[in-house]
Amino acid sequence: MSETLHTSIPNEMTILTSPPPSLNRTEPNTEAVVWSIVQAADERKADNIVILHVGDICYLADYFVIVTGFSRTQLRAIADTIEKQIEMVYEKLPMHTEGKADGSWILQDYGDILVHSFMPDEREFYKLEAFWGHAQGFTIESFAQEFNFPYAPPAAPSFQ
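Presented here is an overview of the structure given in this document. Since we're looking at a predicted model, the values are computed, not measured. (Residues numbered from 1 in each chain as written. Predicted model: local features only at pLDDT ≥ 70, side-chain atom pairs only at ≥ 80, totals over all residues. Heavy atoms only, no water.)

Now for the packing of helix α1 (residues 30–43) against helix α2 (residues 72–90). Packing of α1 against α2 brings their axes to within 8 Å, and their N-to-C directions diverge by 140°. Classified by the angle their axes make, α1 and α2 are oblique. When you trace α1 past α2, the crossing you get is right-handed. Residues Ala32, Val33, Ser36, Ile37, Ala40, Ala41 and Glu43 of α1 pack against Ile78, Thr81, Ile82, Gln85, Ile86 and Tyr90 of α2. Per-class residue counts for the contact of α1 with α2 are nine nonpolar, three polar and one charged. (Axes fitted to C-alpha atoms, helices over the stretch in contact; angles between N-to-C directions. Helix = DSSP H or I, 4+ residues; strand = E, 2+ residues; numbered from the N terminus. Parallel < 35°, antiparallel > 145°, perpendicular 65-115°, else oblique. Left-handed = near helix turned anticlockwise from the far one by under 90°. Contact = heavy atoms within 4.5 Å. Nonpolar A, V, L, I, M, F, W, Y, C, P; charged D, E, K, R; others polar.)

Our focus in this paragraph is the packing of aromatic side chains. The final tally for this structure, using the stated rule, is 14 aromatic pairs. Here Phe118 and Tyr126 contribute two aromatic rings whose centre-to-centre distance is 6.3 Å and whose plane-to-plane angle is 25°, an arrangement assigned as stacked. You can call Phe118 buried: its relative accessible area is 1%. Pairing Phe138 with Phe143 gives two aromatic rings, centres 5.4 Å apart and planes at 85°, and the pair type is edge-to-face. Each member of the pair, Phe138 as well as Phe143, carries the same accessibility label: buried. Following the ring pairs from residue to residue traces out a cluster consisting of Trp35, Tyr63, Phe138, Phe143, Phe147, Phe149 and Tyr151. (Phe/Tyr/Trp six-rings, centres within 6.5 Å; stacked < 30°, edge-to-face > 60°. Buried < 20%, exposed > 50% of the residue type's maximum accessible area, 1.4 Å probe, protein only.)

Spelled out as structure tokens, the structure:
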């Protein structure tokens, strides 16, 4: 029986470092993998994290995770953290990664999940949320609520 190790990060979210006991390691629950991706991106201060459920309208994937970073270095850190998290927890590497050299739009293909990490100008130009506007969209909070993942939004800074 494996133990689940929890790691706290500054905004009080807990990142799983092993799959929840109910998950089969060979076929992880897609929503749990999406949640791990979202947590990893959030840990690296990705902005405007959006999850689109495209499985009913697209054969490419079940989910798109779309995030914004504000420098090429931050985008690479987001992509690297996602890759390390998913490999560590689910023993799964992306089937394909594109754009790390340029760093303005990094695409990570996990088969049933596509992760799009954009610089602000590229995100505005490609407008994936608008293009896939008929897909069910989630914020971090609404995804956590829909699929019963523990999430506490970061507390506002106190300037006392």
